[in-house]
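The primary structure of each chain is shown beneath.
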Amino acid sequence: MPHAKINGCSLFYTDQGDGEVVLLIHGLGSSTRDWEYQLPSLLPQYRVICLDMRGHGQSDKPKGGYSIKGFADDCIAFIEKLNLEKPHIVGISMGGMIAFQLATQRPELPASLTIVNSAPEVIPRKPAEYVMVAKRLFFAHVLPLSVTARGLAKLLFPKPEHATIRETFESRWNENDRSAYLASLRAIIGWGVSDRLDRINCPVLVISGDQDYTPVESKREYVSRLGDARLEVIEDSRHGTPIDQADNFNALLLDFLRQSGSAAPTQNAMNQPL
């Protein structure tokens, strides 16, 4: 399976299909495997590349501190190494943060952004937010990874019909390297590019589960500060929307990719007289 040497780190990736490039970026403690519900819908029309970020999946897990900017630098170097021209970038949770960082840092690179259950900053500002962050960090560092994995699986996939998915993801999260997982979690806290959203000049689709960790209203607020952007809310969904509502998610994503692809008419073209 392919690996790319990026910024001194060997990163695992999958590369399938033909057409415009869609680069899928996973969340914290996740990997390329977790896009399995999207591949059947995307591959008939797109070249789909899934990347394991450093510290995750089959990529190297170097010691030391990680950062969202460092993850984005890896993605930028990866895009350039593979000569990917104007990829559509899809990121969930931490992957959405990486996508925001990349698009504000190198706005000419992406053809579009799809941000799933994520935000352009994780900066506590209110007392309750400081308490929530402190609890998350404390329990992540104190509890065994197996306990964290079990709790996350129950939180994200609580229904009886989710039993198989719940078992699968508990097992996958339990495979994480503990040090790399904690370093990646610390990378998220305090990160933000909210003051640079005006640098993003590509179409943006923000998808939120109606029961995601962060309220839909907070997503609506930052979407209002983006240019060509819209918010779509998927009902009966938590943080793992591409999994618990795969069909609805895939339909929204495919429609957006068609609208923002190279064959889509530009605004200027649409305004031309017939």
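Residues numbered from 1 in each chain as written. Predicted model: local features only at pLDDT ≥ 70, side-chain atom pairs only at ≥ 80, totals over all residues. Heavy atoms only, no water.

Named according to an unreviewed UniProt entry, the protein chain is 3-oxoadipate enol-lactonase originating from Halopseudomonas pelagia.

Trainee: For the overall build of the protein chain, give the residues involved together with the corresponding values.
Mentor: Along the protein chain, the regular secondary structure elements total 11 helices and eight strands. The C-alpha radius of gyration of the protein chain comes to 18 Å, within 12% of the 19 Å expected for a compact globule of 274 residues. Taking the principal axes of the C-alpha coordinates as reference, the protein chain spans close to 65 × 40 × 40 Å. Taken over 274 residues, the protein chain has a buried fraction of 52%. Just so you have it, the protein chain exposes about 12,700 Å², and 53% of that area is on carbon and sulfur atoms. Once the 29 positive and 32 negative side-chain charges of the protein chain are each reduced to a mean point, those two points are 6 Å apart. (Helix = DSSP H or I, 4+ residues; strand = E, 2+ residues; numbered from the N terminus. Rg over C-alpha atoms; globule rule 2.2 N^0.38 Å. Buried < 20%, exposed > 50% of the residue type's maximum accessible area, 1.4 Å probe, protein only. Areas by Shrake-Rupley, 256 points an atom, 1.4 Å probe, with all protein chains shown as cover. Lys, Arg positive; Asp, Glu negative; His and termini not counted. Charge placed at Lys NZ, Arg CZ, Asp CG, Glu CD.)

Trainee: Provide a residue-level description of unusual backbone geometry, including the pertinent values.
Mentor: Phi at serine 93 is positive, roughly 55°, even though this residue is not glycine. Position of serine 93 relative to the elements: it lies in the loop between strand S5 (88–92) and helix H3 (94–105). Owing to a relative accessible area of 16%, serine 93 belongs among the buried residues under this scheme.

Trainee: Tell me what's going on with H3, and back it up with residues and numbers.
Mentor: Compared with an ideal rise of 1.5 Å per residue, which puts 12 residues at 16 Å, H3 spans 16 Å between its outermost C-alpha atoms and is within 8% of the ideal. Among the 12 residues of H3, 11 are classified as buried, and the element is accordingly described as predominantly covered. Those residues of H3 lying buried are Met94, Gly95, Gly96, Met97, Ile98, Ala99, Phe100, Gln101, Leu102, Ala103 and Thr104. As for H3, its buried residues are in contact with strand S3 (21–25), helix H2 (68–81), S5, strand S6 (112–116), helix H7 (178–188) and helix H8 (216–223). (Expected span 1.5 Å × (residues − 1). Contact = heavy atoms within 4.5 Å.)

Trainee: Could you give an account of the packing of helix H5 (residues 145–156) against helix H6 (residues 163–174), with specific residues and numbers?
Mentor: Contact geometry of H5 with H6 gives a least axis separation of 8 Å together with a crossing angle of 150°. What the angle tells us is that H5 and H6 run roughly antiparallel. The chirality of how H5 crosses H6 is right-handed. Every residue of H6 that contacts H5 at Leu145, Ser146, Ala149, Arg150, Leu152, Ala153, Lys154 and Leu156 is listed here: Arg166, Glu170, Trp173 and Asn174. Its residues assigned to classes, the contact of H5 with H6 comprises six nonpolar, two polar and four charged. (Axes fitted to C-alpha atoms, helices over the stretch in contact; angles between N-to-C directions. Parallel < 35°, antiparallel > 145°, perpendicular 65-115°, else oblique. Left-handed = near helix turned anticlockwise from the far one by under 90°. Nonpolar A, V, L, I, M, F, W, Y, C, P; charged D, E, K, R; others polar.)

Trainee: Help me get a handle on the nonpolar core, residues and values and all.
Mentor: Counting 55 residues, the largest nonpolar core has Phe78, Ile98, Leu113, Ile200 and Tyr222 as its most contacted members. By size, the runner-up hydrophobic cluster in this structure holds 20 residues, among which are Tyr46, Leu205, Leu252 and Phe256. (Core = buried A, V, L, I, M, F, W, Y, C linked by side-chain atoms within 4.5 Å.)

Trainee: Go over the environment of isoleucine 189 with me, naming the residues and quoting the values.
Mentor: Looking at where isoleucine 189 falls in the secondary structure, it is placed in the loop between H7 and strand S7 (204–209). When the C-alpha positions of isoleucine 189 and isoleucine 68 are compared, they lie 9.6 Å apart, and in sequence the two are 121 residues distant. Each residue touching isoleucine 189, except ones within four places of it in the same chain, is listed here: Val122, Val133 and Leu137.

Trainee: Give a description of the packing of H2 against H3 that names residues and reports values.
Mentor: Contact pair H2 / H3: the axes reach a minimum separation of 8 Å and the direction vectors enclose 70°. Relative to H3, the element H2 is oriented roughly perpendicular. H2 and H3 meet at a crossing whose hand is right-handed. Residue-level inspection shows Ile68, Lys69, Phe71, Ala72, Asp73, Cys75, Ile76 and Ile79 of H2 in contact with H3, the latter providing Met94, Met97, Ile98, Gln101, Leu102 and Gln105.

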